[in-house]
Amino acid sequence: MSDRVSTGVEGLDVMLSGGLLPARPYVVSGPTGSGKTILAAQFLLDGLRRGEPCLLVTLDEPPSEVKANMGIFGWNLDRLKILDATPDIRAHRRTRSVIDVGTALDVRDMEDVQGVRQSSQIHALEVSVHSVQKMIKQEFSHRLEKAKERYRRIVVDSLTALKMFSMQGEDSRILIQSFMRFLSEIEATCLLVSERLNRTTIETEFFLSRGEIRLHKWLDGNVIRRAVSIEKFRGTRFDDHVRPLSIGGTGIVVQPNGQTSFRSGAVSLRVGESFLESRIIAEVSSVLDGVLHQIDEAHRKQIAVKDVEVAVSRAMVHFQRRNYQKALKQALACDSLLRQRLGDSPPPPPPTELPLPPGVAR
Amino acid sequence: MGLAKIRTGVLGLDKMLHGGLVPGRPYIVSGPPGSGKTILSIQFLREGLEGGERCLFIALEEPPNELKINLRPFRWNLDDLDVLDAISDIRRFEPTPIMEISTETEPVKMRAVGEGIRKTPDFESQEVSVHSLLQLLKKLFVKRKYHRIVVDSMTALKYFCMREFEETLTTQSFIRFLTEAGLTSILTLELPEEGEAPPEAFLARGEVRLHKLRDDSGIKRFISVEKYKGSSHEEFVYPFDITNAGVTVHVANGDSRTPS
């Protein structure tokens, strides 16, 4: 379809059935080193090649490092506008001279980027959602006025940094909501780079974004493997498989027809989990395996186990949601129930006729 | 049983609910992002529209213009659906007047929803708090009798509209309000990828939960009825798909073991 926005990665566009829907914010998530920034750069590069004005808001790496890192791929990002929102070294003694970044706008063409900006002696730049939003807004209207152009693509790298630096408590949800509302109102297609810090809380950007591209990285033996999946994509169908991804000399390549072993994927999830957790995972899976075998056996012997099947399906949902304690409890309950029933079998043949109540003559 | 029920618009789900939903009560549809909550709740409204009922969709997450575009592939006739845009504007940080959403705000018909996003006006911005939303709805319900309403999502309401309120109490009173208004409502609720469901799940009369699991062949979706007061229901976790016809639950293949 022609109304799609290409991500700059061919294989990923195939997975997205053509690309992203324009003028909406999307999230790119994944662990550190999984390729989020490279993907974001390829997205911007694709825009530049089509002559679209593109803006990179960088909070993690200073522009000079972004430039050096992307230089490796030989991409021409000279026309990329880069907004440096990396916070300065904090002056430990808070003084009145601490100013918001918004008032000292630093937007440069990529080609003009040289060294790291030195923290000013007099005032340090602080970054907040508010100031970043203000910076983007200023730059947006500036560009509209001067060049009569609107930014088509914006990348914020990363939202995690923005949240960590500047959010205070409860309000952070409202600030992110407002920031994403702002991005949708300026009608640019946006990629927000975000690291999922906690899987048990619902983070605002993940449910407000119109889609999530998740990058995976895991150790397979001693090789690092990478993959990509689409977790959510509103308004269109998409390829829901996990597809292999590699980072080579030309950037990210996704094989849209490639297979990647989910078992390794499961291993990747285990990286970083404690020894105890992996023990309980092994325990639950072996109990579940046993239960499933017993259910098959019960079916062969024609013993009614419907209630156990229900309980097992629950246990599996718990397992998949990583509620291991609950899964184990449920699985063990199933196991003992089944043992009991299978132990009782073969049931004594039912009496052909009911015994007569005492005192009743035949 | 015994109680009259209304259909949810999803055939398989009606079977799981042993006939449908008991009208006049609030229900939760929960699930992780991208599991199909919005689509399911739109099917619920569409069922009502086809029966000539008046239906209201309260958008707190996805802007109505995008909702309209996203629903196009399903080719459902939603022209007569009332849509209330209850998304707060961009916040202003300067001390400018912030207007609470006014009770004069009216829902628009789906057919009148435009292609572009509503823009925050230059000099004042609209803020939606749970209090102002309640006032608006009260006034609206006096004027018009609605049969079905969807709040998409409760999570957004809690996250963005309850700044100075106690969350659980306020949620409880919001749900109470919907019950007193006598309409059948579906409230969608975001679930984290792991861990426990948020407390809102316990406040409604029933909860339909969507599960999203991954295996070798991609994303597998399952649906279960976690709770249903005043009615029996299926205990199984059933697989479902999102197709051109919307959410389709496969109740027929009775053996519903989750992939092992």
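Since this is a predicted model, take the numbers as computed values, not measurements.

Mapped onto the elements of the fold, Leu332(A) is located in helix α11 (residues 324–344). For the pair Leu332(A) and Ala304(A), spaced 28 residues apart in sequence, the C-alpha separation works out to 19 Å.

Residues and elements named next belong to chain B. Spatially, the ten strands line up as an open sheet ordered β5-β3-β2-β7-β8-β1-β9-β10-β11-β12, and their pairing is mixed. Every interior strand has two partners, whereas the edge strands, β5 (108–109) and β12 (246–249), have only one. Of the strand pairs in this sheet, strand β2 (residues 55–59) and strand β3 (residues 82–85) are connected by four bridges, and their pairing is parallel. Within β3, the position partnered with Leu56 by the bridge is Asp82. This element, helix α5 (residues 154–161), spans β7 (148–152) and β8 (184–190) of the sheet and lies at about 70° to β8.

Residues and elements named next belong to chain A. Counted at 1.5 Å a residue, the expected span for helix α10 (residues 306–320) with its 15 residues is 21 Å, and the 21 Å between its end C-alpha atoms agrees. Burial within α10 is extensive, with eleven of its 15 residues counted as buried. Of all the positions in α10, only Val308, Glu309, Val310, Ala311, Val312, Ser313, Arg314, Ala315, Met316, Val317 and His318 are classed as buried. Looking one or two places after α10, you find Arg322, whose phi comes out positive at around 65°.

Residue and element names in this part refer to chain B. Two elements in contact, helix α4 (residues 130–143) and helix α6 (residues 167–180), have axes separated by 12 Å at closest approach and are oriented at 5°. In terms of axis orientation, α4 runs roughly parallel to α6. Residues Val130, Leu133, Leu134, Leu137, Lys138 and Phe141 of α4 touch α6, and the partners they reach there are Thr170, Phe174 and Phe177. Of the residues belonging to the contact of α4 with α6, the class tally is seven nonpolar, one polar and one charged.

The next subject is the side chain of Arg234(A). With respect to the secondary-structure elements, Arg234(A) resides in the loop between β10 (223–233) and β11 (243–248). On the basis of relative accessible area, Arg234(A) is assigned to the buried category, the value being 15%. Looking at Arg234(A), its side chain comes within polar contact range of the side chain of Glu61(B), at 3.2 Å. In this structure Arg234(A) touches Leu21(A), Arg24(A), Arg210(A), Thr38(B), Glu61(B), Glu62(B) and Asn70(B), once residues within four positions along its chain are discounted.

All names here are of chain A. As paired strands, strand β9 (residues 211–220) and β10 are joined by ten bridges and run antiparallel to one another. Residue pairing for β10: Asp220 is matched across the bridge by Val223. In this structure, β10 lies alongside β11, joined through two bridges in antiparallel fashion. The residue bridging Ala227 from the neighbouring strand is Pro244, located in β11.

Bringing the pairing of strand β12 (residues 251–254) of chain A into the picture now. Residues and elements named next belong to chain A. In this sheet, β12 lies alongside β11 in antiparallel orientation, the contact comprising four bridges. When the sheet's bridge partners are listed, Ile247 is paired in β12 with Ile252. In sequence, β11 turns back onto β12 through a hairpin of two residues.

Residues and elements named next belong to chain B. The end-to-end C-alpha distance of helix α2 (residues 37–50), which contains 14 residues, comes to 20 Å, matching closely the 20 Å that a straight helix rising 1.5 Å per residue would cover. With eleven of 14 residues buried, α2 lies mostly within the body of the structure. For α2, the full list of buried residues reads Lys37, Thr38, Ile39, Leu40, Ser41, Ile42, Gln43, Phe44, Leu45, Gly48 and Leu49. At the C-terminal side of α2, Gly52 shows a positive phi close to 75°.

With that settled, the discussion passes to the nonpolar core. Within soluble globular proteins, side chains that are nonpolar generally end up buried alongside one another. Within the largest apolar cluster, 67 residues are counted, with the highest numbers of intra-cluster contacts made by Val57(A), Ile136(A), Ile154(A), Phe179(A), Leu137(B) and Phe174(B). The residues touching Ile136(A), leaving out its near neighbours within four places in the chain, are Leu55(A), Val57(A), Leu83(A), Ile154(A), Phe179(A), Phe182(A) and Ile186(A). One finds Val10(B), Leu40(B), Phe74(B) and Leu81(B) within the second-largest nonpolar core, a separate group that totals 41 residues.

Okay, unusual backbone geometry next. The residue after Asp157(A), namely Ser158(A), is reached through a cis peptide bond having omega 0°. Looking at the secondary structure, you find Ser158(A) in the loop between β7 (153–157) and α5 (159–166). A cis amide bond links Asp152(B) to the next residue, Ser153(B), at an omega of 5°. Among the secondary structure elements, Ser153(B) is positioned in the loop between β7 and α5. For Ser17(A), which is not a glycine, the phi torsion comes out positive at approximately 45°. Looking at the secondary structure, you find Ser17(A) in the loop between α1 (10–15) and β1 (25–29). Residue Ala23(A) is not a glycine yet carries a positive backbone phi of 65°.

Attention now moves to the pattern of salt bridges. Residues and elements named next belong to chain B. Tallied over the entire structure, the rule returns 35 salt bridges over all chains. Of the charged contacts in the structure, one is a salt bridge between Glu50 and Arg46, with a shortest N-O distance of 3.4 Å. Taken as a pair, Glu50 and Arg46 lie in helix α2 at a separation of four residues, close to a single helical turn. Using a relative accessible area of 23% as the deciding quantity, one classes Arg46 as partly exposed. Members of the salt-bridge network, linked through shared partners, are Arg54, Asp82, Glu106, Lys109, Lys143 and Arg144.

Residues and elements named next belong to chain B. In this model, chain B carries an average pLDDT of 87, and 93% of its residues clear a pLDDT of 70 or more. Least confident of the elements in chain B is strand β4 (residues 98–100), whose mean pLDDT is 70; most confident is β2, at 96. Confidence drops under a pLDDT of 50 for residues 254–260, and excluding neighbours within four residues, the segment shows 22 contacts in the predicted structure. Across the assembled chains, the prediction reports ipTM 0.85 with pTM 0.79.

Parameters at a glance
Residues numbered from 1 in each chain as written. Chains lettered and ligands numbered in written order. Predicted model: local features only at pLDDT ≥ 70, side-chain atom pairs only at ≥ 80, totals over all residues. Heavy atoms only, no water. Helix = DSSP H or I, 4+ residues; strand = E, 2+ residues; numbered from the N terminus. Pairing = 2+ DSSP bridges. Contact = heavy atoms within 4.5 Å. Axes fitted to C-alpha atoms, helices over the stretch in contact; angles between N-to-C directions. Expected span 1.5 Å × (residues − 1). Buried < 20%, exposed > 50% of the residue type's maximum accessible area, 1.4 Å probe, protein only. Parallel < 35°, antiparallel > 145°, perpendicular 65-115°, else oblique. Nonpolar A, V, L, I, M, F, W, Y, C, P; charged D, E, K, R; others polar. Polar contact = N/O pair within 3.5 Å; in protein donor to acceptor, adjacent residues only side chain to side chain. Core = buried A, V, L, I, M, F, W, Y, C linked by side-chain atoms within 4.5 Å. Salt bridge = Lys/Arg side-chain N within 4 Å of Asp/Glu carboxyl O. pLDDT = per-residue confidence, 0-100.

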